[in-house]
Amino acid sequence: MIKKALFPAAGYGTRFLPATKSVPKEMLPIVNKPLIHYGIKECMNAGIFEIGFVTGRSKRAIEDYLDHNPELEFQIEGSSKEKLLEEVNEMIDKCTFTYVRQKKMLGLGHAVLTGEPLIGDNPFAVVLADDLCEGDILSQMVKLYKKYKCSIVAIEEVPKNEVNKYGVIKGKEIDNGVFMVEDMVEKPEVNKAPSNLAIIGRYILTPDIFDLLKETKPGKGGEIQLTDALLKQAKDGMVIAYKFKGKRFDCGSVDGFIKATNYFYEKDFKGK
Ligand code: UTP
């Protein structure tokens, strides 16, 4: 039922400057795979094969990664290195990738709105690739969508003093780990946050979000905030927040990036 995913990937990634001057943040590798690789794998595991990217200047490496490189493939053909390209080649063969450029970086909400031509009138997933997730969170959310048929945000309990980095929800628990959203605040002050349930980079959105985003005025930080449009959707109808089962690494921060690197090195590489 959810066939499409949108990857907003136009941000400047200033926390990783100077690397992100010419390398998209989404292409920074966790050991040997760029962040988008993990996100696309998660989509495929959830049955999503139509993937749209909202990109910007200096992001062409994303397109090159998601296309064959015949010269390289010829070079390593028949060698043990061939298997290193197996997974990405499977992505290239099974998925379709489309791209649109966000001309001005006016925030996540604006990036999602920029993706409208790639999504059309369909419910869709949003993946922020710098949140690297383990445990097929999108698959869990797709299942939940079948039941509730409304927008869903993935949430995680974060330490109280970190709520100011996130969108934070207030909600009523209607099932185990499933909350009906009553309020939502973008990057609240620590002592004014409605809870410590923070929204992370996985969403399922119904397409009426586009009209709501068109009406959304710049909010926190002068950016068009997805949270503001979602709150309107919650007030007019219903939005679910889902405390996912799994692990998340905030690879948009240096700390999280290093933690993820160590985790995947231990899991997939050490001693192999
Ligand atoms: P972030 O808040 O992490 O911003 O954006 P950023 O620019 O990527 O990184 P820093 O904070 O400068 O280090 C969250 C997500 O929204 C996308 C980003 O690419 C990232 O995936 N985004 C944000 C856009 O696509 N467009 C925007 O205008 C803003």
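In the block above lies the structure referred to throughout.
Residues numbered from 1 in each chain as written. Predicted model: local features only at pLDDT ≥ 70, side-chain atom pairs only at ≥ 80, totals over all residues. Heavy atoms only, no water.

Draft legend 1. Layout of the overall build of the chain. Counting its regular elements, the chain contains 10 helices and 13 strands. The globule rule puts the C-alpha radius of gyration for 272 residues at 19 Å, and the 18 Å found for the chain is close to it. Summarising its shape, the C-alpha atoms of the chain cover approximately 60 × 40 × 40 Å along the three principal directions. The 272 residues of the chain split such that 51% are buried. (Helix = DSSP H or I, 4+ residues; strand = E, 2+ residues; numbered from the N terminus. Rg over C-alpha atoms; globule rule 2.2 N^0.38 Å. Buried < 20%, exposed > 50% of the residue type's maximum accessible area, 1.4 Å probe, protein only.)

Draft legend 2. Spotlight on the packing of helix α1 (residues 35–45) against helix α4 (residues 86–94). Running from N to C, α1 and α4 cross one another at 55°; their axes reach a closest spacing of 11 Å. Accordingly, the angle class assigned to the pair α1 and α4 is oblique. Every pair of crossing elements has a handedness; the one defined by α1 and α4 is left-handed. Residues His37, Ile40, Lys41 and Met44 of α1 form the contact with α4, whose participating residues are Glu87, Val88, Glu90, Met91 and Lys94. When the residues that make up the contact of α1 with α4 are grouped by side-chain class, the tally is 4 nonpolar, 1 polar and 4 charged. (Axes fitted to C-alpha atoms, helices over the stretch in contact; angles between N-to-C directions. Parallel < 35°, antiparallel > 145°, perpendicular 65-115°, else oblique. Left-handed = near helix turned anticlockwise from the far one by under 90°. Contact = heavy atoms within 4.5 Å. Nonpolar A, V, L, I, M, F, W, Y, C, P; charged D, E, K, R; others polar.)

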